[in-house]
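Residue strings, one per chain:
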Amino acid sequence: MTTGIDLILMDHERVNELFASFEETGDATYVGQILDSLVAHDDAEQAALYPLAGHVLGDVSMIARAAAAHSLVKQQIDLIRSLEGSPLTVAVKQLQQLVSAHVKEEETKLLPALAEKATAAQLEGLAARIEQAKQRVG
């Protein structure tokens, strides 16, 4: 059974692949895919992952760091939507750095802690809530 943690990790991998494709080709259509993926992922984490992690782990500072990272990513997304050409490429690289730092924190701290402390039912429920949140985004 796919857990919510599996879905989060798959999202991380997909976004990394999209960044690599943009870097390799310079094709701006990848930027749209990156932004759409990040918006859907953000919505899913805010609606499902962080409430569960807060409940199970009780680590307020970890959740606050994640929220701050999401805020920086959202600001960069807003900036990117207004750019083209060389400034767009630079801004996408900055976005990639922000996302990479956040992913590293999640994958080395939050997700392993959640995997250790959450029940199988909680992790399956997380998967369902993530899928629901993504459907709302589109």
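Before reading further, recall that the structure is shown in the block above.
Residues numbered from 1 in each chain as written. Predicted model: local features only at pLDDT ≥ 70, side-chain atom pairs only at ≥ 80, totals over all residues. Heavy atoms only, no water.

(A) Molecular detail of the side chain of Glu106. You can see Glu106 is positioned in helix 4 (residues 85-117). At 11 Å, Arg65 is the nearest oppositely charged side chain to Glu106, a buried residue that forms no salt bridge. Within polar-contact distance, the side chain of Glu106 engages the side chain of His12 at 3.0 Å. (Helix = DSSP H or I, 4+ residues; strand = E, 2+ residues; numbered from the N terminus. Buried < 20%, exposed > 50% of the residue type's maximum accessible area, 1.4 Å probe, protein only. Lys, Arg positive; Asp, Glu negative; His and termini not counted. Salt bridge = Lys/Arg side-chain N within 4 Å of Asp/Glu carboxyl O. Polar contact = N/O pair within 3.5 Å; in protein donor to acceptor, adjacent residues only side chain to side chain.)

(B) Summary view of the side chain of Gln96. Take Gln96: it is sitting in helix 4. Note on Gln96: relative accessible area 17%, which makes it buried. If we skip the residues at most four places from it in the chain, Gln96 touches Phe19 and Glu23. (Contact = heavy atoms within 4.5 Å.)

(C) Main features of the environment of Val15. For Val15, the location among the structural elements is in helix 1 (residues 4-25). Owing to a relative accessible area of 5%, Val15 belongs among the buried residues under this scheme. Sequence separation between Val15 and Ala128 is 113 residues, and the spatial gap between their C-alpha atoms is 21 Å. Beyond its immediate stretch of four places on either side in the chain, Val15 contacts Ser37, Leu38 and Val99.

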